[in-house]
Amino acid sequence: MIAPLIRGEGLTRIFHRRGGFLGRGVPMLALRGVDIAVNRGEAVGVVGESGCGKSTLGRVMLRLMAPSGGRVLFEDRDLATMGGAELRALRRRMQMVFQDPYGSLDPRRSVGAQIADGMAIHGIAQGAEAAERVAALLRQVGLDPTHAQRLPHEFSGGQRQRIAIARALATRPDFIVADEPVSALDVSIQAQVVNLLADLRAELGLALMFISHDLHVVRHLCDRVVVMYLGLVMEEGPAAEIFRAPAHPYTRALLAATPSMHHRAMTAPLAGEVPSIARPPSGCVFRTRCPMAQPACAESIPVLRPLPGADGRQIACRRAEEIAA
Amino acid sequence: MRRAKIRPLILPGVLALAIIALAVAAPILPLTDPVRQDVASRLTGPSALHWLGQDEYGRDVLSRIIWGARVSLSVAFAAAAAAAVAGTLLGLLGGYFRGVVELLTVRASEIVLCFPPLLLALLVVTLLGPGAATLVLSLAILFAPGFARVAYAETLSARALDYVTAQQALGAPTARILARTLLPNIAPPLIVQFSLTVAAAMLLESGLSFLGLGVVPPSPSWGLMIRGARSAMEQAPLLLFWPCLALTGTVLVLNLFCDRLRDALDPRGRASGKPGFLGRVLALPPAPQTPATPALLSVEGLTLQVPGPKGPVTVVRDVGFTLAPGETLAIVGESGSGKTLTGLAIMGLLPAAVRPVAGRIMLAGRDGTPRDLLRLPEPELRAMRGRDMAMIFQDPSSSLNPLLRVGAQVGESLRAHGVTDGIRDRVVTLLRQVGLPDPERAAVAYPHELSGGQRQRAMIAAAIANHPRLLLADEPTTALDVTVQAQILTLLAELKRAEGGMGMVFVTHNLAVVAEIADRVAVMYAGEVVEEGPAAEVFAAPRHPYTAALIESTPEGDAERLSAIPGAVPQPWAMPSGCRFAPRCAMAEPACTAAAPAMEETGPRRAARCRRWKEVA
């Protein structure tokens, strides 16, 4: 088996909500031991509701945030052991696209200058050569190359997201984390950007970690899906398989709750809401809302293990055998 | 920078330049020596030789004011500049690195704030002796913490923004992030702070000189002049007036200049808007006298405009739909389609800049008589809001007051409509009705103690408290997770059944949500309704190319590739002539761009705004 391009092992991340005077505060477990790997050219979707830790995972993978435990390996090199200069140099190869196209671009600098930033920082191109590359990138993401001098507010949301993608592509990265890149966009524009990402991935052989709460979009774009809940992976496997036959009770509930134009879903929406990450339930974190929960589910956190009878799928549920049967 | 943005800078800029030029040019101007005394004609008023008169030693006041400006301005500018550089640097470093650096920079500089400013200045002056240089130093020390605090606060909020993280993700060195990304973005409040500081420094310089701690006599300075004039206040009050005028005038010019400069540096420019409930009503033509349809709500020909630089811009044009009691109508569209403005117009909650210019909105109130909400006086409208019609907003965390208990806010909607007895019990009943677990506790909880979904339930409880005839929901589930969204949609459907006859207008961008809950749908594009009809029929067989394309582009099903609508929604000030969707439409032909199509009936209670609707399949 080929080594993955980037992988996270046992990633944890704890935030501390500010407590009283001098107190360290309440620990909030955003990530509680997540293993994830992305192969070259592969698109991995990370889905879950707010508080599941998907955005934290994206930032930890790029070491925009240090994990509290575990490690991230890029081509088998541990990011934590790298020096500042080495890590900055590696950033050329891994990039990020953010959710909010209004907040992710500096409002005071021309979009061309912002796209050229990465090239200047990493000494890829300068001056006329950089301007040429900026024009080529703008064309690649479907924008008019003569608009490089404009400021971000002169573009619509969808166009800004294209600019943000162009900025991420400027350093010719191998790996891109896209954190909800289409959630803030209109439906018709969403489709444009999803298609653009799919094209770029095919064209450039990009590895993509696509973070989203929208299952439909993930299904369109991703080879593999990781379903997260309260900082833990619930289920993982090939996208088509998971959508065809979701195994974990949470994945099933998530799919059932997602409104669809073709069938009225909502047969039995999940009761309650995602518990606070400051007070996660004992044992299986999903048991408080799980229709299949048993008293034993409270005892220990179920480990992610292969789903019986299904190739390449993993599930973290005590009752995996019953589900598979 | 655009020329339009520079224009407001001209007036204060010229004034400020004139003041500075006068001060700089003092040595070459034909002025009397500012320290030459002429005791014989002391305290004389203005004359041809001495335009502003002579002071207590017979010195020329005009000359002293202009020479004094040199001292006052240079001390103030030097002190403000030194404070700005030092304070900004401290605040920027403290805000970016936090932790120990913050302690050493921002917190350390704040110690200065603990001393009374005059005492601190006294201390420095006593240690170093009076004089302009000492004055600059002590003023800089005094004002630096102010800059540090502003820079710190701005850096804190800016560093959390994605574009700063994006720079980190690009691998930019820290110095580059600080200088090229953060500094320009925290500059505007610092510019304001600078203008305030120059003004304050001038005042404090005058104060210190007045106390004899600043500029040493006989050098002219405005503070010294005020000090001298004070003793002769009764004989020559004008002597006090001139330096005060110079001081006030300069301070005002500086403030104006810096305010305008900040606006000019803002890439987005200032939002313009005129207040205008009165204007709103006056702008409307009289209502058409056609009889109202026997519906709960009927919107006819609603047209909304906002003022633009080149005349009014029509943001909503000729929007119409009807809603029968007990029906749910979804207004669906992309951003910029005018769906939210249409909803707000129904509630009479349009932003001040938006003016209705045509149409009417007829709502049958609880007594059954239809009223035109667009032309209703504000007090009557207010009486109807919350009673005949109620609204749920998108963001449940910002639509509840964080300082009031949830129960009090739900009770408020009862109290506002004259209920006085048993409010507590009714609130608990309402909270139970919207499915809040443990409603007694939820009633005494503060909004932050509830989750997002629970807050939205509380908002719904407040909205339905008076059994409104019409419930307007503006993207009520957009900020919620899908599993919670499903719960809220179920709740709304249940409430509608329970409230018998309550109509609902549901504004959303999500077609799948429309399919879940709506009986009827109005699809809006670029400020117009392009298709209206029963939701199931519209989705099964759309009659407008935009509806069809929108359904196609929704990421569902197994298609390998999403079909996207090319281009973007046109801006309201650059609407295409003819059909507004034509530039993005796959079926457009020359005739489509020639004239705007009208709504055509395409079936029973169905209409579409397309010339070729018969061909849309």
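Everything numeric here is computed off the predicted structure, so don't read it as measured data. (Residues numbered from 1 in each chain as written. Chains lettered and ligands numbered in written order. Predicted model: local features only at pLDDT ≥ 70, side-chain atom pairs only at ≥ 80, totals over all residues. Heavy atoms only, no water.)

Participant: Please explain the overall build of chain B as it appears in this structure.
Facilitator: Within chain B, the secondary structure is distributed over 21 helices and 12 strands. In terms of C-alpha radius of gyration, chain B reaches 33 Å, well past the compact-globule figure of 25 Å for 617 residues. C-alpha extents for chain B along the principal axes are approximately 100 × 60 × 55 Å. Looking at chain B as a whole, 51% of its 617 residues qualify as buried. Long-range contacts, defined here as pairs at least 24 residues apart, represent 67% of the contacts in chain B between residues at least 6 apart. Approximately 27200 Å² of chain B is accessible, and the part contributed by carbon and sulfur atoms is 63%. (Helix = DSSP H or I, 4+ residues; strand = E, 2+ residues; numbered from the N terminus. Rg over C-alpha atoms; globule rule 2.2 N^0.38 Å. Buried < 20%, exposed > 50% of the residue type's maximum accessible area, 1.4 Å probe, protein only. Contact = heavy atoms within 4.5 Å. Areas by Shrake-Rupley, 256 points an atom, 1.4 Å probe, with all protein chains shown as cover.)

Participant: Even after reading the chapter, I still don't get the sheet that holds strand β1 (residues 297-306) of chain B, so can you show me in this structure?
Facilitator: Note: strands within a sheet are paired through backbone hydrogen bonds, in either parallel or antiparallel orientation. All names here are of chain B. One open sheet accounts for four strands, arranged β2-β1-β4-β5; its pairing is antiparallel. Taken across any chain shown, the strands that pair with only one partner, and hence form the sheet edges, are β2 (313-323) and β5 (370-372). If you compare each strand with its neighbour and ignore which way they point, the axes differ by 15 degrees on average. Two strands pair when backbone bridges link them, and β1 and β2 are joined in this way by seven bridges, in the antiparallel orientation. In the sheet register, Leu-304 faces β2, and the bridge partner there is Val-316. (Pairing = 2+ DSSP bridges. Axes fitted to C-alpha atoms, helices over the stretch in contact; angles between N-to-C directions.)

Participant: Looking at this model, I keep getting lost on the packing of aromatic side chains. Mind explaining?
Facilitator: To describe a pair of aromatic rings, you give the distance between the ring centres and the angle between the ring planes. In total, this model carries nine aromatic pairs over all chains according to the counting rule given. Here Tyr546(B) and Phe581(B) contribute two aromatic rings whose centre-to-centre distance is 5.2 Å and whose plane-to-plane angle is 70 degrees, an arrangement assigned as edge-to-face. Within this pair, whereas Tyr546(B) is found in helix α20 (residues 545-553), its partner Phe581(B) is found in the loop between α20 and α21 (590-594), the two being separated by 35 residues in sequence. By the burial criterion, Tyr546(B) is buried, and Phe581(B) matches it. Grouped by ring-pair contacts, the aromatic residues Tyr229(A), Tyr250(A) and Phe286(A) constitute a single cluster. (Phe/Tyr/Trp six-rings, centres within 6.5 Å; stacked < 30°, edge-to-face > 60°.)

Participant: What exactly am I supposed to notice about the interface of chain A and chain B here?
Facilitator: The accessible area lost on association of the parts is a frequent measure of interface size. Every contact between the two is made by 62 residues of chain A and, on the other side, 67 residues of chain B. Both sides of the chain A and chain B interface together cover about 5500 Å² of buried area, and 53% of this is carbon and sulfur. At the boundary of chain A and chain B, one finds two salt bridges. Its salt-bridge partner being Asp117(A), residue Arg176(B) comes within 2.6 Å of it at the nearest N-O pair. (Buried area = accessible area lost by both parts, 1.4 Å probe. Salt bridge = Lys/Arg side-chain N within 4 Å of Asp/Glu carboxyl O.)

Participant: Teacher, can you tell me more about the domain arrangement of chain B here?
Facilitator: Each assigned domain of chain B is listed here: domain 1 (3-16 + 57-265) and domain 2 (297-388 + 468-615). With centres defined by C-alpha atoms, the gap from domain 1 of chain B to domain 2 of chain B works out at 53 Å. (Domains from an automatic or database assignment.)

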